[in-house]
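Listed below are the residues making up each chain.
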Amino acid sequence: MKLLPRSFAIFLCLGLTFGVPASAGPKKNKSSVSKTTQRVIVFARKTDHGIEYRLNKQIYIGKDLDYVLGELHIYANKESAIAVVLEDNMLLSDVKDVPVMAVKAGYTDVRAYVYWKKTGRMAEILFGPVLKANADPRKL
Amino acid sequence: MKLAMAFSVSIMFSTLGLGAQQTAPSNSLQQNELKETTTLARTMDIDLVPLPLASVPVIQLPTPQTPETPQDLNEEQLTKLLFDRRSNLPDSPSPKISERENSMCPSGVGNSCALLGGWVYYPDMIGLTYHNRTWWEAMKNPGMIAVSLTLIGATVLDIEGSQACIDKHTCREVNPLMRGPKAQKYAVAMPLNALVIWMGVREKQHGRAIVPIAVMWTASLVHMYFGVGGLYQARVH
């Protein structure tokens, strides 16, 4: 006999947890969600205040870009890609910042470029295979 | 006649191995060859004796296949030879780049990736860190479903374990919110769970799933600890 009210209470709680918030929101047409192939270009440069990212003529600092990339990915399909253009005053260790954010947001195609401001030229940064650092040169 | 014979003998020598190198003769080489032929003919002229030709087996020498000389072609044919031939050649195969090679992390999933600063590349397979358009989409994420069900299950275990222990008078309830009948406990605990889950999913919707998931797992562990402890005390005593 005790089992019935318990199971009813659990069912009620599950309903409250999953059902009510879902039904409370405005009904949205599922077909309105269209995922497109995005080509996102992020320009990164070092300023006095730190690293500054420019995306669609908007400037973001630090974690703001993380949020923006996540929001952009909602409408991105699997073919979408991100290109990070790093100005030549950036450190080599800064190359990972945007790719890490992009992977967290859900992008799988991320390319990094270096931009030489004086010559106006740019080139893709392609790394070789990752090796474990070793003091013994024969093991490299 | 003698000259012709000498010439044929020189050709025979050259084909039988004396001139093993088959290279395109240059003009200077051709001149040298002519000189040698004349000198050889002069020597042959002295030592020429009748050969027993009947006993010698006839060897059919392969006639050299000379390509059509450009001089024999008219301008149109020459144009074809020089230009059209190249254009008629099949296109060289374009290199196929594998999906892995073209990826941002060529070593693949589970290996160090240079573009990630040497960190191991693990794409979020269940999309726990991804942003979602709606609350419901975020709730449908397997990670969120798992952690929510674990929290609810652990809460049930806690309430049942505590009640069993209290019924046996082997323990007492410390939490002031949970003092009372079991239905009251459920009435308090489950809406709290619902609120925590709703807030957690809302955070996940905006890509901030780590903190709420950590909170929910910790709460689940605490519930499990007290639930299992209560059941154990009820059974032992």
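Heads up: the structure comes first, above all this text.
About the cut-offs
Residues numbered from 1 in each chain as written. Chains lettered and ligands numbered in written order. Predicted model: local features only at pLDDT ≥ 70, side-chain atom pairs only at ≥ 80, totals over all residues. Helix = DSSP H or I, 4+ residues; strand = E, 2+ residues; numbered from the N terminus. Buried ≥ 20, exposed ≤ 12 C-beta atoms within 10 Å, placed from the backbone. Contact = placed C-beta atoms within 7 Å. Core = buried A, V, L, I, M, F, W, Y, C linked by C-beta atoms within 7 Å. Pairing = 2+ DSSP bridges. Axes fitted to C-alpha atoms, helices over the stretch in contact; angles between N-to-C directions. Right-handed = clockwise from strand over helix to strand, strands pointing away. Expected span 1.5 Å × (residues − 1). Parallel < 35°, antiparallel > 145°, perpendicular 65-115°, else oblique. Left-handed = near helix turned anticlockwise from the far one by under 90°. Nonpolar A, V, L, I, M, F, W, Y, C, P; charged D, E, K, R; others polar.

> I keep staring at the overall build of chain B and nothing clicks. Help me out?
Looking only at helices and strands, one finds 8 helices and 0 strands in chain B. Counting helices and strands in the order they occur from the N terminus, chain B gives α-α-α-α-α-α-α-α. For chain B, the residues scored as buried account for 19% of the 237 residues in total. Excluding contacts between residues fewer than 6 apart, the proportion of contacts in chain B whose partners are at least 24 apart in sequence is 62%.

> I keep staring at the overall build of chain A and nothing clicks. Help me out?
A tally of helices and strands in chain A yields 3 helices and 6 strands. Seen in sequence order, chain A has helices and strands lined up from the N terminus as α-β-β-β-α-β-α-β-β. Counting every position in chain A, which comprises 140 residues, the buried fraction comes to 21%. Within chain A, contacts between residues separated by at least 24 positions form 65% of all contacts whose residues are at least 6 apart in sequence.

> Is there a simple way to think about the nonpolar core in this case?
If you look at soluble globular proteins, the nonpolar side chains tend to sit buried side by side. Judged by nonpolar contacts, the single largest core of 29 residues is most densely connected at Val42, Leu69, Ile82, Val84, Ala102 and Val110 of chain A together with Leu115 of chain B. No other element matches helix 3 (residues 97-105) of chain A, which puts 5 residues into this core. In this structure, Met139, Ile152, Ala194 and Val201 of chain B belong to the second largest nonpolar core, which totals 16 residues.

> How should I be thinking about the environment of Lys46 of chain A in this particular structure?
Residues and elements named next belong to chain A. Mapped onto the secondary structure, Lys46 falls in strand 1 (residues 39-47). Separated by 40 residues in sequence, Lys46 and Leu86 place their C-alpha atoms 9.0 Å apart. In contact with Lys46, not counting residues within four places along its chain, are Ile51, Asn89 and Met90.

> Please explain the interface of chain B and chain A as it appears in this structure.
Counting from both sides, the interface comprises 33 residues of chain B and, opposite them, 35 residues of chain A. Elements represented by at least two residues in the side of chain B that touches chain A include exactly helix 5 (135-139), helix 6 (142-167) and helix 7 (182-205) of chain B. Top contributing element to the side of chain B that touches chain A by residue count: helix 7 of chain B, with 8 residues.

> Explanation requested: the sheet that holds strand 3 (residues 58-61) of chain A in the structure shown.
What links the strands of a sheet is backbone hydrogen bonding, and the strands pair in either a parallel or an antiparallel sense. All names here are of chain A. Strand order in the open sheet formed by 6 strands is 3-2-1-4-5-6, and the pairing between neighbours is mixed. Every interior strand has two partners, whereas the edge strands, strand 3 and strand 6 (121-124), have only one. Pairs of neighbouring strands in the sheet enclose a mean axial angle of 30 degrees, with direction left out of account. Strand direction decides the pairing type here: strand 5 (residues 109-116) and strand 6, joined by 4 bridges, are antiparallel. Within the sheet, the bridge partner assigned to Tyr115 lies in strand 6 and is Met122.

> Quick question: what am I supposed to make of the pairing of strand 5 of chain A here?
Side-chain positions along a regular strand alternate between the two faces of the sheet. Residues and elements named next belong to chain A. Both strand 4 (residues 81-87) and strand 5 contribute to a ladder of 7 bridges, which runs parallel. By the bridge assignment, Val85 is partnered in strand 5 with Tyr113. Taken together, strand 4, helix 3 and strand 5 constitute a β-α-β crossover, and its handedness is right-handed. A loop of 4 residues connects strand 5 with strand 6, the two strands running antiparallel in sequence, and Gly120 in this loop sits at a positive phi of about 70 degrees.

> Please clarify how unusual backbone geometry should be interpreted in this entry.
Generally, phi is negative for residues other than glycine and the peptide bonds are trans, each holding for most cases. The phi angle at Lys57 of chain A is positive, at roughly 65 degrees, despite the residue not being glycine. Overall, the presence of 5 C-beta atoms within 10 Å leaves Lys57 of chain A in the exposed class. Within the chain, His169 of chain B stands out as a residue other than glycine whose phi angle is a positive 60 degrees. Mapping His169 of chain B onto the fold places it in the loop between helix 6 and helix 7.

> Teacher, can you tell me more about helix 8 (residues 210-236) of chain B here?
Spacing of three or four residues puts side chains on the same side of an α-helix, whose turn is 3.6 residues. Residues and elements named next belong to chain B. End to end, helix 8 covers 39 Å across 27 residues, agreeing with the expected 39 Å (1.5 Å per residue, within 8%). Those residues of helix 8 that fall on the buried side of the exposure criterion are Met216, Ser220, His223, Phe226, Gly227, Gly230 and Ala234. Check the buried side of helix 8 and you find it contacts helix 6 and helix 7.

> Teacher, can you tell me more about the packing of helix 6 of chain B against helix 7 of chain B here?
To characterise two packed helices, one gives the angle between the axes of the helices and the distance between these axes. Residue and element names in this part refer to chain B. Two elements in contact, helix 6 and helix 7, have axes separated by 10 Å at closest approach and are oriented at 160 degrees. Here helix 7 runs roughly antiparallel to helix 6, going by the angle between their axes. Viewed along their axes, helix 6 and helix 7 form a crossing whose handedness is right-handed. Every residue of helix 7 that contacts helix 6 at Met144, Ser148, Leu151, Ile152, Thr155, Ile159 and Gln163 is listed here: Lys182, Lys185, Tyr186, Ala189, Met190, Asn193, Ile197, Val201 and Lys204. Class assignment for the residues of the contact of helix 6 with helix 7 results in 9 nonpolar, 4 polar and 3 charged.

> Could you clarify how one ought to interpret the pairing of strand 3 of chain A in this entry?
Residue and element names in this part refer to chain A. Pairing of strand 2 (residues 50-55) with strand 3 involves 4 bridges; the strand directions are antiparallel. By the bridge assignment, Tyr53 is partnered in strand 3 with Tyr60. Hairpin connection from strand 2 to strand 3: 2 residues lie between these consecutive antiparallel strands, with Asn56 at a positive phi of about 50 degrees.

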